[in-house]
Every structure is written in structure tokens, then in C-alpha cells.
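Spelled out, the chains give:
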Amino acid sequence: MIAGVDIGGTKCAVATWSSRQGLRELARFPTQSPTLTLARVEQELARLRLPREAVIGVACGGPLDAQKGVIQSPPNLPGWDDVTVVAQLEKTQRRRVFLMNDANANALAEWRFGAGQHSRLMVYLTAGTGMGAGIVIDGRLLEGVCGNAGEVGHLRLSPRGPVGFHKAGSFEGWCSGGGIPEIVRFLPRAAQPADVAAWQARHRTTRSIAEAARSGDPVARRVFAEAGRKLGLALAGIVDLLNPDRIVIGSLYGRCRDLLDETLLPVLRREALASSLAACEIVPASLGEQTGSYGAICVGLSGIEPTTGATPDKPRNPQAIATKKH
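Bear in mind the structure is a predicted one, so any value in this text is a computation, not a measurement.

Participant: Is there a simple way to explain the packing of aromatic side chains in this structure?
Facilitator: For any pair of aromatic rings, geometry is given as the distance between the ring centres together with the angle between the planes. As enumerated under the stated definition, the model contains 3 aromatic pairs in all. A centroid spacing of 4.8 Å and a plane angle of 40 degrees characterise the contact between phenylalanine 113 and tyrosine 294, whose relative ring orientation is tilted. Here the residue phenylalanine 113 occupies a position in helix α3 (residues 102–113), and tyrosine 294 occupies one in helix α10 (residues 291–304), the gap between them amounting to 181 residues. The class for phenylalanine 113 is buried, based on a relative accessible area of 9%. Their ring planes at 65 degrees and their centres at 6.3 Å tell us that tryptophan 174 and phenylalanine 186 sit as a pair that is edge-to-face. With a gap of 12 residues between them, tryptophan 174 in helix α4 (residues 171–175) and phenylalanine 186 in the loop between α4 and α5 (196–202) connect regions that are remote in the sequence. When its relative accessible area of 4% is taken as the criterion, tryptophan 174 is described as buried. Here a set of aromatic residues connected by ring pairs shows up, and it is made of Trp17, Phe113 and Tyr294.

Next up, the structure:
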């Protein structure tokens, strides 16, 4: 049995998985200080009465040191400074504990259980509040020399633009849930509303802007058109560099695909190598609200079993649509 702990910026989840029972999500609760949160985690794990051979996987936003088991001040977790989460849980639970960046963990989850099944080279983009990536090649996670492989949000797509990953004009700034509400300030002057500040006050979130775009708001539609163009540009770079057979994009794409594809696909076709693009599918992630729990389980699985490239014998995600068919 594997126990998984997903530590998010606003909530935590504790789950278990076994080959017989599959995933069982046992508890969700708000993320608080390290002391209070880990106390609740320990309480939930104690209730499980895990068998002696069980291991625990912990997924959390970076930066972190997976080898040392330390969470190192993630921007979405104020106060979580050099938290020795692995040592603490190993001491109280007397089980092996493994830690991994949540983007990598969720990439493994989509590869093993979700939209990335049967892929030889899959790139997973988080596309949530921020923008990170996990890369799985023949079942093996590409981590890089110091664990930073996949930090695509830091790539600069333009000299100026919304700030993401502490960089103006970055991939994260243009295409994440945190950056899209700022795009209105970088539209051509003629496309901006008369009062930009007032418009932003009415549309503080990407969800609000998406609702406005679907209702016909021309400014909101221009915002998503620009986000789609930049997403197409970034995806073309990924296609050319890595030649993946599948790119799985997280929550934002699944919710706003109808608003992004109109400008995304023409840019992608124009910029990417045709042969590489023809071999690649671009699909929304399929695990939904349970992605984090599956990701934490995959942290535990990756700690105890060699990765062979085999995936569970399940059908492909029915939402998968080959890019060349668009």
C-alpha cells in the first residue's frame, strides 16, 4: 500500500492506493503553518494503520530538496522555510517517506493513470496558478542535474509582458492563471478598455475573464487570444526541442480550451516542425481534482519500484485529440 500526502498552497489531501482498491482519498483540509499542517497529516496517517511495508509519498510545490527531504520556502506556502518534512514524518510514522516537486509528481500521475498513458515521451504542463512542467521519457522522469528540469515557466516569450516566475514576459506570466488577468495591460492601446483599472477590478481572476469572454466581452476575448498565441509559441518550442508524442496540459487548458485553441493552433502550426507536430497530441489533463492525490501516490511508487516504462492496461483518455486533426 502507498499513502500519499499532497501539500498545496490552499489545501492538503491524504490518500491511499493499492493495486486492488485503487485510489482512496481520505481527507482534505486547509493548509496552515508547517506545525499545524504536519500535525494534521500525522493524525490522518495514524488513523490508517498502515502495514509495515507501506511507504509515504509527499508532493509539494518547489523549491525543495528532494534528496534531503526539505521544503525550501515555496512562494505559495509562506512560512514553510526549510521544513524537514521527510525526517519528521519518518520519525512519527516509522515508514519510508519520499518527497517530490508537485509538477513532476503530477506528470507521473498523468503518465501512469491519466491522459499520458502509453506515451513514450510525455510533457506535462501544470497550467494552474503558475506554469511548470514534468517530462517523462520511456517511463522515467527527467529531473536534470539539480532537479530543475521542466521549469518552463521561467522561459521568456517577449521582452515585456505580465510577470511570472519573477520575470516579465515569461511563459508563466502570459499563460498561467496568475498571469492572464494582467494581460489586459499589455494589449494594444486601441484594444484596451477606457479604464483598465476598473476593468481589472471587475475581472480579477482568469475564471471571471473566461466567463466574460464567453459572454462576448471583446476585451476578455482579446486577452485569451493573446494568451493562446503565447501558449502556441511555447508549445512549438517544446515540440521542436523534445519531439514528444504527447503534451498534457493541466487545469487551465481543460477549462478554457475553447477560448485558447483559435489562436493557439495557427501559431503552433506556423512555428513547429511539421513532422514533429504531426507526431504529437496535445490534450487536457484528465485526473481533475484528484491529480494531486495521484501525484503524491506516484512519489511513493517511484521511490520503491524501478520504472520500466510499462503503464497500467487502461484505454487512452477519450479526450485525447491528435493535434494534426484540428
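Past the structure itself, the notes keep going.
Participant: Teacher, can you tell me more about the side chain of serine 18 here?
Facilitator: Along the polypeptide, serine 18 turns up in strand β2 (residues 11–18). A distance of 3.0 Å separates a polar side-chain atom of serine 18 from the backbone nitrogen of glutamine 21.

Participant: Please clarify how the side chain of glutamate 226 should be interpreted in this entry.
Facilitator: By the secondary structure assignment, glutamate 226 is in helix α7 (residues 218–242). Sequence-distant contacts of glutamate 226, that is, excluding residues within four places in its chain, are made with Trp174, Ile183 and Leu187.

Participant: Any chance you could explain the pattern of salt bridges here in plain terms?
Facilitator: Two side chains with opposite charge may pair up if their charged atoms get near one another. One pass over the full model with this rule turns up 12 salt bridges. A network of salt bridges, in which partner residues are shared, links Arg40, Glu44 and Arg47.

Participant: Hey, could you run me through the nonpolar core in this one?
Facilitator: One broad trend across soluble globular proteins is that nonpolar side chains are buried collectively. Membership of the largest hydrophobic core comes to 48 residues, with the highest contact counts inside it found for Leu125, Phe171, Phe224, Leu235, Ile247 and Leu268. Every element with two or more residues in this core is listed here: β8 (121–125), β9 (133–137), α4, α5, α6 (206–214), α7, β13 (246–249) and α8 (251–271). Per-element tally for this core: the top contributor is α7, with 11 residues. If you look at the next biggest cluster of nonpolar residues, it comprises 27 residues, including Leu108, Met122, Val136 and Val283.

Participant: I would appreciate a short explanation of the packing of α6 against α7 in the present structure.
Facilitator: The axes of two packed helices give the description: the angle between them and the distance between them. Two elements in contact, α6 and α7, have axes whose closest approach is 7 Å; the angle formed by their N-to-C orientations is 115 degrees. As α6 packs across α7, the resulting crossing turns out to be left-handed. Residues Thr206, Ile209, Ala210, Ala212 and Ala213 of α6 form the contact with α7, whose participating residues are Ala220, Arg221, Val223 and Phe224. Classifying every residue of the contact of α6 with α7 by side-chain character gives 7 nonpolar, 1 polar and 1 charged.

So, how was this worked out
Residues numbered from 1 in each chain as written. Predicted model: local features only at pLDDT ≥ 70, side-chain atom pairs only at ≥ 80, totals over all residues. Heavy atoms only, no water. Phe/Tyr/Trp six-rings, centres within 6.5 Å; stacked < 30°, edge-to-face > 60°. Helix = DSSP H or I, 4+ residues; strand = E, 2+ residues; numbered from the N terminus. Buried < 20%, exposed > 50% of the residue type's maximum accessible area, 1.4 Å probe, protein only. Polar contact = N/O pair within 3.5 Å; in protein donor to acceptor, adjacent residues only side chain to side chain. Contact = heavy atoms within 4.5 Å. Salt bridge = Lys/Arg side-chain N within 4 Å of Asp/Glu carboxyl O. Core = buried A, V, L, I, M, F, W, Y, C linked by side-chain atoms within 4.5 Å. Axes fitted to C-alpha atoms, helices over the stretch in contact; angles between N-to-C directions. Left-handed = near helix turned anticlockwise from the far one by under 90°. Nonpolar A, V, L, I, M, F, W, Y, C, P; charged D, E, K, R; others polar.

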